[in-house]
Amino acid sequence: TLEDTDTTYDELVEVFSKTREEKALLREFMIDILTPAEFDDLALRWQLVKRLSKGETHRAIAGELGLGVGTVMRGARELRNKKGGFNLMLKKLGQ
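One structure accompanies this document, and this report is about it.

Definitions and cut-offs
Residues numbered from 1 in each chain as written. Predicted model: local features only at pLDDT ≥ 70, side-chain atom pairs only at ≥ 80, totals over all residues. Heavy atoms only, no water. Axes fitted to C-alpha atoms, helices over the stretch in contact; angles between N-to-C directions. Helix = DSSP H or I, 4+ residues; strand = E, 2+ residues; numbered from the N terminus. Left-handed = near helix turned anticlockwise from the far one by under 90°. Contact = heavy atoms within 4.5 Å. Nonpolar A, V, L, I, M, F, W, Y, C, P; charged D, E, K, R; others polar. Phe/Tyr/Trp six-rings, centres within 6.5 Å; stacked < 30°, edge-to-face > 60°. Buried < 20%, exposed > 50% of the residue type's maximum accessible area, 1.4 Å probe, protein only. Salt bridge = Lys/Arg side-chain N within 4 Å of Asp/Glu carboxyl O. Patch = residues over 30% accessible without salt bridge, like charges linked within 9 Å, V, L, I, M, F, W, Y side chains within 5 Å. Areas by Shrake-Rupley, 256 points an atom, 1.4 Å probe, with all protein chains shown as cover. Lys, Arg positive; Asp, Glu negative; His and termini not counted. Charge placed at Lys NZ, Arg CZ, Asp CG, Glu CD. Polar contact = N/O pair within 3.5 Å; in protein donor to acceptor, adjacent residues only side chain to side chain.

## What to know about the packing of helix H3 (residues 36-53) against helix H5 (residues 69-79)
Axis separation between H3 and H5 bottoms out at 10 Å; the angle between their running directions is 65°. You can see that H3 and H5 cross each other, and the crossing is right-handed. Residue-level contacts link Leu-48, Val-49, Leu-52 and Ser-53 of H3 to Thr-71, Val-72, Gly-75, Ala-76 and Leu-79 of H5. Class assignment for the residues of the contact of H3 with H5 results in 6 nonpolar, 3 polar and no charged.

## Observations concerning the packing of aromatic side chains
All chains considered together, the criterion is met by 1 aromatic pair. Ring centres 5.5 Å apart and planes at 80° place the aromatic pair Phe-16 and Phe-29 in the edge-to-face group. Taken together, the residues Phe-16 in helix H1 (residues 5-17) and Phe-29 in helix H2 (residues 23-33) connect sequence positions 13 residues apart. Taking relative accessible area as the criterion, Phe-16 reaches 28% and is therefore assigned partly exposed. Using a relative accessible area of 26% as the deciding quantity, one classes Phe-29 as partly exposed.

## Here we look at the pattern of salt bridges
Throughout the structure, instances matching the rule amount to 3 salt bridges. Notably, a salt bridge pairs Glu-14 with Lys-18, separated by 3.2 Å at the nearest N-O pair. Looking at Glu-14, the relative accessible area reads 40%, which means it is partly exposed. Across the salt bridge formed by Arg-51 and Glu-56, the nearest N and O atoms sit 3.7 Å from each other. Overall, the relative accessible area of 22% leaves Arg-51 in the partly exposed class. The partly exposed category is assigned to Glu-56, whose relative accessible area is 31%. Through salt bridges with shared partners, a single ionic network connects Arg-51, Glu-56 and Glu-64.

## Description of a negative patch on the surface
Together, Glu-3, Asp-4, Asp-6 and Asp-10 make up a region of like negative charge exposed at the surface. Checked against the element boundaries, Asp-10 lands in helix H1. Since its relative accessible area comes to 53%, Asp-10 is described here as exposed.

## Observations concerning the side chain of Thr-19
Position of Thr-19 among the secondary structure elements: in the loop between H1 and H2. Given a relative accessible area of 5%, Thr-19 falls into the buried group. Only 2.7 Å separates the side chain of Thr-19 from the backbone oxygen of Phe-16, close enough to count as a polar contact. The contacts of Thr-19, once residues within four sequence positions are left out, are Leu-25 and Leu-26.

Structural measurements only, silent on function.
Below, the structure is given as structure tokens:
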């Protein structure tokens, strides 16, 4: 377990922010730090968020992405937080 979770999270966010202009570096770092399954899970979660933001139904998203409806519902709950990271990133990306 991590002794000071906030500090270690902040450090990781700082590392990611340093790759802002270097997409190839970010990709390589993510490949190294994540297992292939973790990378797949992150990519799948982002697809879930984008589809929810477009108004697709939970059942359709679950079926097309091979997720449980409960997983989609948890993503939808996070997306309802208008000041949360999902909405902030979607707004930043113009989606």
